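Notes for the structure review
Next come the chains, spelled out residue by residue.
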Amino acid sequence: MIRLKTLSLAVGAAMLAVGAQAADFPAAGRTITIVVPFAAGGPTDKVARDLGEALRKPLNGATIVIDNAAGAGSTIGSAKVARAAPDGYTLLLTHIGMATTASLYRKLPYKYSEFEYLGLVNEVPMVVVGKPALAANTWPELKSWIQENKTKVNLANAGLGAASHLCGLMLQQALQTEMTTVPYKGTAPAMADLMGGQVDIMCDQTTNTTPQIEGKKIKAYAVTTAKRLMIPAVYKDLPTLQEVGFKNFDVSIWHGLYAPKGTPAEVVKAINTALQTALKDPDFIKKEESLGAIVAHDDRVTSEGHKKFVAAEVAKWGPVIKAAGQYAD
């Protein structure tokens, strides 16, 4: 009886300690680290830095730092968070890779279900762009040029599993044409070579393409969303791929926030509450919209809503990746 009573007291004390920790989250002086599984300067890194700034106030002025743990198609950084202490002080900000790595990697060191889902942050449309010297100036001209040249066309991407890679897969399937894909180690070098004319076309996020299109450093042909983009203004005259005949072609690269599995429910709730406040921050919205990103505002900003959404994305992208037969391991 004494042993059982002692054990009960110990369990009760531990539960009280966790409850106190959750109630005080974030503790004074503690730094929150948002791990970005991609290189600094890329589209996802930009979203993370903007979000980190917007989260500081609702998280009681906490210091938030960004840790770029790039490599292996986002799996290095994601695995780092999966193994981190489940206390809310190490978070993951990643994109659609949370859903697609489940199909791209046959030996993944973690499962997409092994995280606490904190909420959707935004959706980023994609746009088909080309090098500045490309003869085609409109989508019909580009389509004809691709179909005439086929494998001679160099289609750049930021690496296996990157947003540009996934969009490129769908684009080739829609066109029923196989191009020569040129993978890079990140978005920045891929975009640099596109601007320099070393590669022909790419399908990339508006968060990365907007400044280059506005500066006339690359050409833009079509957007991947179901509806035309009205902001930024540089996109308003571009057709959607659905408009030009590709039924159901609707690709947006979303970003979500996650914590290690086992993070206390009270901490998850505290972070989700702060996230929902941050997503209403006018400065954050302005920054995202200036790059063509759409800040989330529906049920997917909740933990449960985001978890259901990711599960649906896993089911959506699995067949696309399987049909392409391209795996990362």
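Once a new chain begins, its residue numbering starts again from 1 and follows that chain's sequence as written. In view of the model being predicted, local features appear only for residues whose pLDDT reaches at least 70, and side-chain atom pairs are presented and counted only at 80 or more, with totals across whole chains, interfaces and linings using the full set of residues. Values reported for side chains reflect all heavy atoms of the structure, with hydrogen atoms and water molecules removed beforehand.

Two rings from Phe, Tyr or Trp (for Trp, the six-membered ring) form a pair when their centres are within 6.5 Å of each other. A pair whose planes differ by under 30 degrees is stacked, one over 60 is edge-to-face, and the rest are tilted. Within the structure shown, the criterion is met by six aromatic pairs. Seen from their ring centres, phenylalanine 25 and tyrosine 89 are 5.0 Å apart, and the 55° between their planes marks the pair as tilted. Residue phenylalanine 25 is found in the loop between α1 (2–23) and β1 (31–36), and its partner tyrosine 89 is found in the loop between α3 (75–82) and β3 (90–94); the two are separated by 64 residues along the sequence. Its relative accessible area of 7% is what places phenylalanine 25 among the buried residues. Placement of a positive charge over a ring is assigned whenever Lys NZ or Arg CZ falls within 6 Å of the ring centre and within 35 degrees of the normal to the ring plane. Lying across the ring of tyrosine 89, arginine 30 places its NZ or CZ 3.7 Å from the centre. The positively charged end of arginine 300 is found above the aromatic ring belonging to phenylalanine 309, 4.8 Å away from the centroid. Secondary structure follows DSSP: runs of H or I at least 4 residues long count as helices, runs of E at least 2 residues long count as strands, and numbering of each begins at the N terminus. Three exposure classes are used, based on accessible area relative to the maximum for each residue type with a 1.4 Å probe and protein chains only: buried under 20%, partly exposed in between, and exposed over 50%.

Here the focus is the layout of surface pockets. Cavities and pockets are found on a 1 Å grid laid over the protein atoms alone: a cavity is a set of points where a 1.4 Å probe fits but cannot escape, a pocket is an open set with protein on both sides within 12 Å along at least five of seven lines, and a lining residue has an atom within 4 Å of such a point. Grid points are joined across faces, edges and corners, and a volume is the space filled by probe spheres set on the points. When its volume is computed, the largest pocket comes out at roughly 470 Å³. Around the largest pocket sit 31 residues that line it, and Phe38, Ala39, Ala158, Lys185 and Gly186 are the ones nearest its centre. Contributions of two or more residues to the lining of the largest pocket are made by α2 (43–56), α6 (163–175), α7 (187–196) and β7 (201–205). The dominant element in the lining of the largest pocket, judged by the number of residues it contributes, is α7, at three residues. Of the voids in this model, the second largest pocket is the one considered here, and its volume is about 370 Å³. Around the second largest pocket, the lining is made up of 19 residues, and of these Glu123, Thr225, Leu229, Ser252 and Ile294 lie nearest the centre. Among the elements of the structure, β9 (252–260) and α11 (303–324) are those that each provide at least two residues to the lining of the second largest pocket. Note that Gly is not counted as nonpolar here; it falls among the polar residues with everything else outside the nonpolar set of Ala, Val, Leu, Ile, Met, Phe, Trp, Tyr, Cys and Pro and the charged set of Asp, Glu, Lys and Arg. In the lining of the second largest pocket, the residues fall into nine nonpolar, three polar and seven charged.

This part takes up the pattern of salt bridges. When a carboxyl oxygen of Asp or Glu lies within 4 Å of a side-chain nitrogen of Lys or Arg, that pair is called a salt bridge. A full pass over the atoms with the stated rule returns ten salt bridges. With a shortest N-O distance of 2.9 Å, lysine 131 and aspartate 200 are connected by a salt bridge. Here aspartate 200 lies in the loop between α7 and β7 and lysine 131 lies in the loop between β4 (115–130) and α5 (139–149), a separation of 69 residues in the sequence. The pair formed by lysine 131 and aspartate 200 is uniform in burial state, with each residue classed as buried.

Glancing now at the confidence of the model for the protein chain. A score between 0 and 100, pLDDT records how confident the predictor is in each residue. Of all residues in the protein chain, 93% attain a pLDDT of 70 or more, and the chain-wide mean is 90. Two residues form a contact once any of their heavy atoms are found within 4.5 Å. Predicted confidence for residues 1–20 stays below pLDDT 50, and this span has one contact to residues more than four positions away or in other chains.

A word on the side chain of threonine 206. Among the structural elements, threonine 206 can be located in helix α8 (residues 206–214). Taking relative accessible area as the criterion, threonine 206 reaches 0% and is therefore assigned buried. Polar contacts, as used here, are pairs of N or O atoms within 3.5 Å; protein pairs need one atom able to donate a hydrogen and one able to accept it. Residues neighboring in sequence count only if both atoms are side-chain atoms. A polar atom in the side chain of threonine 206 sits 2.9 Å from the backbone oxygen of leucine 291. Apart from residues lying up to four places away in sequence, threonine 206 is in contact with Val124, Pro125, Leu229, Tyr235, Leu291, Gly292 and Ala293.

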